[in-house]
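Each chain, letter by letter, is given below.
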Amino acid sequence: MRPPEQLDTARLRLRQAHVDDAQALFDTYTSDPHTTRYLSWRTHESVDQTIEFLTDATARWNDGTEFVWVLVLRGDDRPIGAIGAANTAHGVEIGYVVGRPWWGRGFASEALGALMAWLRTQPDVYRIWAYCAVDHHKSARVLEGSGMTYEGTLRRWVVLPNIAAEPCDCRVYSWIRTES
């Protein structure tokens, strides 16, 4: 699967993440403990950590294992968040984040809708899935609104290091390609 470097929505442009986005992403969300609370990686303490993440993201894009796009407002190339898609067996795991100043405006839903629309056209994608912490109700609503179905709760499934050092319970959502 080779993704487009850019996807456009009514208000957003999703474009491939690059190392030169590091300072903007650090300022927007990677250094914000409120924004990174439910993410699977620790809040960044320096822009160097964001550079390392983006360097790895470029390598994963090039080898086809994971794709990360930054979210920018149309007409403004300043990142407000990011969305990613990681290849899994017969499907794709997605994740997203929007910087706190842009919360509550539907940007996560808009970006997720665009990404899922493209993924559904890929013939080898039979499953699109995501998880969120059981108490992350806003993210659950975004996933439900995208057309995903709640599958269940995985108990003590993943460590969210900004919450606790132990695995927490997560709700799993998916879209499944049905047989034609």
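As shown above, the structure is provided for reference.
Keep in mind that what you see is a predicted model, and the values were worked out from it rather than measured.

Draft legend 1. Structural view of the overall build of the chain. Looking only at helices and strands, the chain features four helices and eight strands. In sequence order, the chain lays out its α and β elements as β-β-α-α-β-β-β-α-β-α-β-β. Here the C-alpha radius of gyration of the chain, 16 Å, is about what a compact globule of 180 residues would show, namely 16 Å. Overall, the C-alpha framework of the chain stretches about 45 × 35 × 30 Å when taken along its three principal axes. The proportion of buried residues among the 180 residues of the chain is 46%. Considering only contacts within the chain whose residues lie at least 6 apart along the sequence, 62% involve residues at least 24 apart.

Draft legend 2. Summary view of the packing of aromatic side chains. A complete count under the given rule lists eight aromatic pairs for this structure. With 6.4 Å between their ring centres and 55 degrees between their planes, Tyr 29 and Trp 41 make a pair best called tilted. Remark: Trp 41 occurs in the loop between α1 (22-30) and α2 (47-63) and Tyr 29 occurs in helix α1; sequence separation between them is 12 residues. Judged by relative accessible area, Tyr 29 falls into the buried class, the value being 2%. Assessed through its relative accessible area of 25%, Trp 41 is described here as partly exposed.

Draft legend 3. Representation of helix α4 (residues 137-145) in the model. Along α4, the positions that sit buried rather than exposed are Ser 139, Ala 140, Val 142 and Leu 143. Taken around the axis of α4, the buried residues stretch over an arc of 160 degrees, which confines them to a single face. Facing away from the buried side of α4 by over 90 degrees, the exposed positions are His 137, Lys 138, Arg 141 and Gly 145. As for α4, its buried residues are in contact with β5 (91-98), α3 (107-120), β6 (127-133) and β8 (167-176). After α4 finishes, the residue Gly 147 shows a positive phi value of roughly 100 degrees.

Draft legend 4. Here's a closer look at the nonpolar core. Ile 83, Ile 94, Leu 115 and Met 148 are the most contacted members of the largest nonpolar core, which totals 33 residues. At the level of elements, β2 (12-16), β3 (66-73), β4 (79-88), β5, α3, β6, α4 and β8 are the ones that each hand at least two residues to this core. Broken down by element, this core gets its largest block of residues, eight residues, from α3. One finds Ala 22, Leu 25, Leu 39 and Val 72 within the second-largest nonpolar core, a separate group that totals 12 residues.

Draft legend 5. Just the environment of Val 70, in detail. As for its placement among the helices and strands, Val 70 is situated in strand β3. Val 70 sits 57 residues away from Arg 13 along the chain, and the two C-alpha atoms are 8.1 Å apart. Leave out the neighbours within four places in its chain, and Val 70 touches Arg 13, Leu 14, Arg 15, Ala 17, Asp 21, Leu 25, Pro 79, Gly 81 and Ala 82.

Draft legend 6. Layout of the packing of α1 against α2. Look at α1 against α2: their axes get within 9 Å of each other, and the N-to-C directions meet at 110 degrees. Looking at the two axes, α1 sits roughly perpendicular to α2. As for how α1 packs across α2, the hand of that crossing is right-handed. Packed against α1, whose contacting residues are Ala 22, Gln 23, Leu 25, Phe 26 and Thr 30, the element α2 presents Val 47, Thr 50, Ile 51 and Leu 54 at the interface.

The rules behind the values
Residues numbered from 1 in each chain as written. Predicted model: local features only at pLDDT ≥ 70, side-chain atom pairs only at ≥ 80, totals over all residues. Heavy atoms only, no water. Helix = DSSP H or I, 4+ residues; strand = E, 2+ residues; numbered from the N terminus. Rg over C-alpha atoms; globule rule 2.2 N^0.38 Å. Buried < 20%, exposed > 50% of the residue type's maximum accessible area, 1.4 Å probe, protein only. Contact = heavy atoms within 4.5 Å. Phe/Tyr/Trp six-rings, centres within 6.5 Å; stacked < 30°, edge-to-face > 60°. Arc of directions from axis to C-beta. Core = buried A, V, L, I, M, F, W, Y, C linked by side-chain atoms within 4.5 Å. Axes fitted to C-alpha atoms, helices over the stretch in contact; angles between N-to-C directions. Parallel < 35°, antiparallel > 145°, perpendicular 65-115°, else oblique. Left-handed = near helix turned anticlockwise from the far one by under 90°.

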